[in-house]
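Structural features, examined
For reference, the chains in residue letters:
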Amino acid sequence: MADASAAPFTARKAGSGPAAAGRPGIGARALAASLPDLIIAARRVAASIAPGWHGRRRAGAGEGFWQFRPFLSGEPAHRVDWRRSARDEHLYVREREWEAPHTLWLHADLSASMAYRSPLAAVTKRERAVLLLLALAELAGRAGEKVGLAGLTPAIAHRHASERLALALAAAPEDAAGTLPPPAAFGPGHDLVLIGDFLDPVESLAAFLSAAAGRGVQGTLVQVLDPSEESFPFDGRTEFRDPETDLRLTAGRAEDWRAGYRQRLEAHRAALGAAVRAAGWTLIVHHTDRPASEALIALHGALSGSPGGRAGGMVR
C-alpha cells in the first residue's frame, strides 16, 4: 500500500496533471531564503554554456567578424581589407556581425503546485524553474542583452541582471509572479521565455501565445516536470492532495489509473505542442531529475537562432 500522505494532486490540473507525492508549497519567504544559493547555482550553470547569443547572424554594426565580401564600385576605399585583397586579384570588404541588444522577457510559474518534488528528484519544480530563469538572466547580462521579469520589472542591460531579478522575485507579491501581463506588454522582436509545468487546460495559454505571436513576439516554453509526472509510479491505496485548495482524492489501486493517466498526459502535451507550433514558438520539455544545463543549452539554441533552435516545435 502506498503512503497515504502521498501527493499533492492539483485540482486545476485534474484533466492532465498527475497525482503526485511531494511536500507542500514553500511560500515567498522560503523562496527568498533560497535565492542566494540559486544565484550561485545559476552562475555555475551559465558558466558551462557558450557565452551569450549576442550576434544576430547578419552583417551590421558590431565587433565580431562576419564574412568577407567583394568590394562594390562606389564604396569608400577605406572599407577595403587590403590584407585579404592581397591574396588574389579582387578587392574584399570585411563585414562585422550585427550586434544589437534585444529584449528578453522571463516568466516562471511560482504557484504552490510548482513546489512539488517526488522521491525521484532532488529539487522541486519551482526551484528548477527559478534556477533556469536566473541562469538565463546571467547569460543575457553577460551578453549585454536587455532582460526583465514579465509583468514585474522593466528590461535592463546589466552585468548583474540575475541578482537584480532575484531581488525583484523576493519582493514580488505572493501572486504576482504567477500572472502573465497582457500580450500588449511585449513589443515586436522581443523574446519571451515562459517556464512552468503547463498542466492547466491549454485554451487560455493558446490564446495568449496567438496574441503574442501576432505582435511579433518570439517565444519559448520550458515545461518543467517531475519524473513521476511522466511515469505515474504510484501503487496501492494512495491519497492525492491539491496543494492550493487542499482537495483530496483517494485511489484504492493507483496503478489502475496509470495507463489512462499517461494517455491524458500525452493528449495534453499534443495540444500544448500544437498551440506552440501555431504560434511559431518552441517547446522544451525538461525533467527535474536531469541536469539544469540540458534545458539551458536548449534555451540557448532557441534564443541564439542556431540551426534548429527556433524550430517551432518540441525539444526533449
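Quick notes on the rules
Residues numbered from 1 in each chain as written. Predicted model: local features only at pLDDT ≥ 70, side-chain atom pairs only at ≥ 80, totals over all residues. Heavy atoms only, no water. Buried < 20%, exposed > 50% of the residue type's maximum accessible area, 1.4 Å probe, protein only. Helix = DSSP H or I, 4+ residues; strand = E, 2+ residues; numbered from the N terminus. Pairing = 2+ DSSP bridges. Core = buried A, V, L, I, M, F, W, Y, C linked by side-chain atoms within 4.5 Å. Contact = heavy atoms within 4.5 Å. Expected span 1.5 Å × (residues − 1). Axes fitted to C-alpha atoms, helices over the stretch in contact; angles between N-to-C directions. pLDDT = per-residue confidence, 0-100. Arc of directions from axis to C-beta. Salt bridge = Lys/Arg side-chain N within 4 Å of Asp/Glu carboxyl O. Lys, Arg positive; Asp, Glu negative; His and termini not counted.

1. Re the pairing of strand β3 (residues 103–108)
Here β3 lies mainly inside the structure; 6 of its 6 residues are buried. Neither face of β3 is open: one carries T103, W105 and H107, the other L104, L106 and A108, and all of them are buried. In the sheet, β3 pairs with strand β4 (residues 146–149) via 4 bridges, with the strands oriented parallel. Note that in β4 the partner of W105 across the bridge is G148.

2. Remarks on the nonpolar core
Counting 40 residues, the largest nonpolar core has L106, L134, V193 and I195 as the members making the most contacts within it. With 11 residues, the single largest contributor to this core is helix α3 (residues 125–143). In this structure I195 touches H107, A108, D109, A129, L132, L133, V222 and V224, once residues within four positions along its chain are discounted. Counting residues in each nonpolar core, the second largest holds 21 residues, with A150, A155, A212 and V276 among its members.

3. Structural notes on helix α8 (residues 292–304)
Its 13 residues give α8 an end-to-end C-alpha distance of 18 Å, which sits within 8% of 18 Å, the value for a rise of 1.5 Å per residue. For α8, the set of buried residues is A292, A295, L296, L299, H300, G301, A302, L303 and S304.

4. Looking at the environment of L272
Among the secondary structure elements, L272 is positioned in helix α7 (residues 258–279). What L272 contacts, discounting residues up to four positions off in sequence, is F198, V202, L205, L221, Q223 and L283.

5. A look at the packing of α3 against helix α4 (residues 161–171)
Viewed as axis vectors pointing N to C, α3 and α4 meet at an angle of 145 degrees, and their least axial separation amounts to 7 Å. Of the residues in α4, those in contact with V130, L133, L134, A137, E138 and G141 of α3 are A161, S162, L165, A166 and L169.

6. A word on the confidence of the model for the chain
Detailed reading of predicted coordinates is not advised where the pLDDT is low. Summing up the model confidence of the chain, the mean pLDDT is 79 and the portion of residues at 70 or higher is 77%. Within the model, the stretch residues 1–26 combines pLDDT values under 50 with 92 contacts to residues more than four positions away or in other chains. Counting interchain partners and residues more than four positions distant, the pLDDT-below-50 stretch residues 307–311 has 12 contacts.

7. Here we look at helix α5 (residues 202–214)
The terminal C-alpha atoms of α5, which comprises 13 residues, lie 18 Å apart, in line with the 18 Å expected from a rise of 1.5 Å per residue. The complete set of buried residues in α5 reads V202, L205, F208, L209 and A212. Along α5, the residues classed as buried sweep out an arc of 125 degrees about the axis, all on the same side. For α5, the exposed residues set more than 90 degrees away from the buried face come down to E203, S204 and G214. Turning to α5, the residues buried within the fold contact β5 (191–196), β6 (218–225) and α7. Just downstream of α5 lies G216, where phi reads positive at about 85 degrees.

8. Observations regarding the pattern of salt bridges
Applying the stated criterion across every chain yields a total of 15 salt bridges. Ionic pairing is found between D246 and R248, a salt bridge with its closest N-O pair at 3.2 Å. A relative accessible area of 44% places R248 in the partly exposed class. Taken together, the shared-partner salt bridges in this structure form one network comprising R43, E138, R142 and E163.

9. Side note on the side chain of R128
On the secondary structure map, R128 appears in helix α3. Buried within the structure, R128 lacks any salt-bridge partner; D289 is the closest side chain of opposite charge, at an N-O distance of 7.1 Å. Each residue touching R128, except ones within four places of it in the same chain, is listed here: V123, V224, H286, H287, T288, R290, P291 and A292.

10. Points about the side chain of H286
Mapped onto the fold, H286 is located in strand β9 (residues 282–287). Accessibility expressed as a relative area gives 3% for H286, which makes it buried. Setting aside residues up to four positions removed in sequence, H286 forms contacts with R128, L132, V222, Q223, V224, L225, P291, A292 and A295.

11. Focus: the environment of A47
Mapped onto the secondary structure, A47 falls in helix α1 (residues 27–47). Judged by its relative accessible area of 54%, A47 is exposed. Here the alpha-carbon distance between A47 and E138, two residues 91 residues apart in the chain, equals 9.0 Å.

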